[in-house]
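# Geometric and topological summary
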Amino acid sequence: MMEFILSALDYLLGIPFFGWGTTIGFIYKALFMLIALLVVIAFVLLADRKIWAAVQIRRGPNVVGAFGLMQSFADLLKFVFKEPVIPAGADKIVFLLAPLVSVVLALAAWVVIPLDVGWALADINVGILYVLAISSLGVYGIIMGGWASNSKYPFLGALRCTAQMVSYEVSIGFVIVTVLLVVGSLNLTDIVLAQQEMGLAYWLGVPWMNFLNWFWLPLFPMFIIFFISALAETNRPPFDLPEAESELVAGFMVEYGSAPYMMFMLSEYVSIVLMCAMTVILFMGGWAAPLEIAPFTWLPGIFWFALKTSFVFFMISIVKAFVPRYRYDQLMRLGWKVFLPISIFMIFVVAFVLQLTGWGWQGGLA
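First things first, this report covers the structure right here in the doc.

What counts, and where the lines are drawn
- Residues numbered from 1 in each chain as written.
- Predicted model: local features only at pLDDT ≥ 70, side-chain atom pairs only at ≥ 80, totals over all residues.
- Heavy atoms only, no water.
- Helix = DSSP H or I, 4+ residues; strand = E, 2+ residues; numbered from the N terminus.
- Buried < 20%, exposed > 50% of the residue type's maximum accessible area, 1.4 Å probe, protein only.
- Contact = heavy atoms within 4.5 Å.
- Areas by Shrake-Rupley, 256 points an atom, 1.4 Å probe, with all protein chains shown as cover.
- Core = buried A, V, L, I, M, F, W, Y, C linked by side-chain atoms within 4.5 Å.
- Patch = residues over 30% accessible without salt bridge, like charges linked within 9 Å, V, L, I, M, F, W, Y side chains within 5 Å.
- Salt bridge = Lys/Arg side-chain N within 4 Å of Asp/Glu carboxyl O.
- Phe/Tyr/Trp six-rings, centres within 6.5 Å; stacked < 30°, edge-to-face > 60°.
- Axes fitted to C-alpha atoms, helices over the stretch in contact; angles between N-to-C directions.
- Parallel < 35°, antiparallel > 145°, perpendicular 65-115°, else oblique.
- Nonpolar A, V, L, I, M, F, W, Y, C, P; charged D, E, K, R; others polar.
- Expected span 1.5 Å × (residues − 1).

The next point concerns the overall build of the chain. From N to C terminus, the chain includes 14 helices and zero strands. Counting every position in the chain, which comprises 366 residues, the buried fraction comes to 49%. By sequence separation, contacts in the chain at least 24 residues apart represent 73% of the contacts at least 6 residues apart. Total accessible area on the chain stands at roughly 17600 Å², and carbon and sulfur atoms take up 74% of it.

Following this line, the structure appears as structure tokens:
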């Protein structure tokens, strides 16, 4: 499927065929994925606003285009053509560099995400480590923006974000370790394949019931911790303390406007969708259909991946609509005193069960 699409692009766009495995081919695929991702993010932003409006019994964006479908593109033009304002006391170079760093790092993490069989720009064996490294570096853009603004509110928001992201990255790391213990590989594609070749469905003698093999069932506590930690990692409500309007006006972005502000928001939504995709890969079978029977198998894997990712994003949007914001001390207590002990305990439990039963992708049912 991927080769067919790329060949069609060769023909329709008149791009000389240099071979998609070459450096030129990689650049073509990267640009194609970048454009597709940015278009998807535009509609994800619209969906977030629509869901929030529906919960509050409002109509939401509905003027620009049919059903408001072009609202995000209109917002893009508005931000691009607005004049950027830089505070007089700000460090101008770092001030403008901060949103660029944030958006580049957010987009770079998608290089290793497999959307279907063979649909990853770089299917490297340490994909998990790459995603963790890139997401950890993302906090530098926020720190730079808060410090360079030379104002108290942005600086406080940047400090909050640093503490918050460090706290919850620890929990996310331990959650991922439990998955890696079962799979025995750091490759994201291997994690998806493991959920198709082992699990409860095979034990019950119904291998076509794929959804029983997915790791959300045997690792359910880790699934919940990962979901909540993803909210904190991406500054989503109820953990949007770095941008708390009631306390810090707009947090680390208070001095930003026009295109730099848009880049910060773009990086935030790209990171949100990335965490949704990671949830799907780690716990929901990736591109695998829930049932390995017709008509489910007639649909391509990219469809199931997009559908599951959309479902996880819907859950994140619903949380934003009805859960009140946590206090900062509650946020820290939840991360260090609740999630961290549970995730460490689960590592020992999973390791003990694997050692006792021999269950696991490397030495088990696969």
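Ranked by size, the top nonpolar core spans 72 residues in total, and within it Trp110, Ile113, Leu188, Ile191, Phe226, Leu282 and Phe283 carry the most contacts. Setting aside residues up to four positions removed in sequence, Phe283 forms contacts with Val175, Val179, Gln195, Trp214, Phe215, Trp216, Leu219, Met222, Phe223 and Phe226. Counting 14 residues, the second largest nonpolar core, distinct from the first, contains Phe95, Cys161, Met165 and Tyr256.

A cluster of nonpolar side chains, Ile24, Phe26, Ile27, Leu31, Leu34 and Leu38, forms an exposed patch at the surface whose accessible area comes to about 460 Å². For Ile24, the location among the structural elements is in helix α2 (residues 23-55). Using a relative accessible area of 36% as the deciding quantity, one classes Ile24 as partly exposed.

Time to look at the packing of aromatic side chains. Applying the stated rule across the entire model yields 13 aromatic pairs. Between Phe239 and Tyr326 the ring centres are 5.2 Å apart and the planes differ by 65°, which places this aromatic pair in the edge-to-face class. Here the residue Phe239 occupies a position in the loop between α10 (220-233) and α11 (245-248), and Tyr326 occupies one in the loop between α13 (301-322) and α14 (328-357), the gap between them amounting to 87 residues. Owing to a relative accessible area of 30%, Tyr326 belongs among the partly exposed residues under this scheme. A centroid spacing of 5.0 Å and a plane angle of 85° characterise the contact between Tyr256 and Phe264, whose relative ring orientation is edge-to-face. Both residues of the pair, Tyr256 and Phe264, belong to the buried class. A network of ring pairs unites the aromatic residues Phe95, Phe252, Tyr256 and Phe264 as a single cluster.

This model, assessed by the stated rule, comprises six salt bridges. In this structure, Arg333 and Asp329 form a salt bridge, with 3.4 Å as the shortest nitrogen-oxygen distance. Note that Arg333 and Asp329 are positioned in helix α14 at a spacing of four residues, about one turn of the helix. Classification of Asp329 by relative accessible area gives partly exposed; the value is 33%. Several salt bridges converge on common partners, so that one network encompasses Asp48, Arg236 and Lys320.

At a minimum axis separation of 11 Å, helix α5 (residues 127-137) and helix α7 (residues 152-183) run at an interaxial angle of 175°. By the criterion of interaxial angle, the relationship of α5 to α7 is roughly antiparallel. In contact with Ile128, Leu132, Ser135 and Ser136 of α5, α7 contributes Met165, Glu169, Ile172, Ile176 and Leu180. Partitioning the contact of α5 with α7 into residue classes produces six nonpolar, two polar and one charged.

A separate point is the environment of Ile113. Within the secondary structure, Ile113 is located in the loop between α4 (92-108) and α5. With a relative accessible area of 0%, Ile113 lands in the buried category. Discounting chain neighbours no more than four positions away, the residues touching Ile113 are Trp119, Ala120, Val131, Leu188, Leu274, Ala277, Met278, Ile281 and Phe305.

The end-to-end C-alpha distance of α7 is 46 Å, a good match for the 46 Å that 32 residues give at a rise of 1.5 Å each. The first or second residue beyond α7 is Gly184, which carries a positive phi of 80°.

Turning to unusual backbone geometry, a few remarks are in order. Note on backbone geometry: most residues besides glycine have negative phi, and most peptide bonds are trans. Each neighbour pair has its own omega, and for Pro237 with Pro238 the value is 10°, a cis peptide bond. For Pro238, the location among the structural elements is in the loop between α10 and α11. Of the consecutive residues Ala294 and Pro295, the connecting peptide bond is found in the cis state with omega at 5°. With respect to the helices and strands, Pro295 occurs in the loop between α12 (258-283) and α13. Positioned with a positive phi, Ile57 is a non-glycine residue whose angle comes to about 55°. Among the secondary structure elements, Ile57 is positioned in the loop between α2 and α3 (71-81). Look at Ile57 and you get exposed, because its relative accessible area is 78%. Of note, the phi angle at Ser258 is positive, near 55°, even though the residue is not glycine. For Ser258, the location among the structural elements is in helix α12.

Attention now moves to the packing of α10 against α12. Contact pair α10 / α12: the axes reach a minimum separation of 10 Å and the direction vectors enclose 170°. Comparing their axes, α12 and α10 come out roughly antiparallel. Together, Met222, Phe223, Phe226 and Ala230 of α10 and Met275, Met278, Thr279, Leu282 and Phe283 of α12 make up the contact between the two elements.

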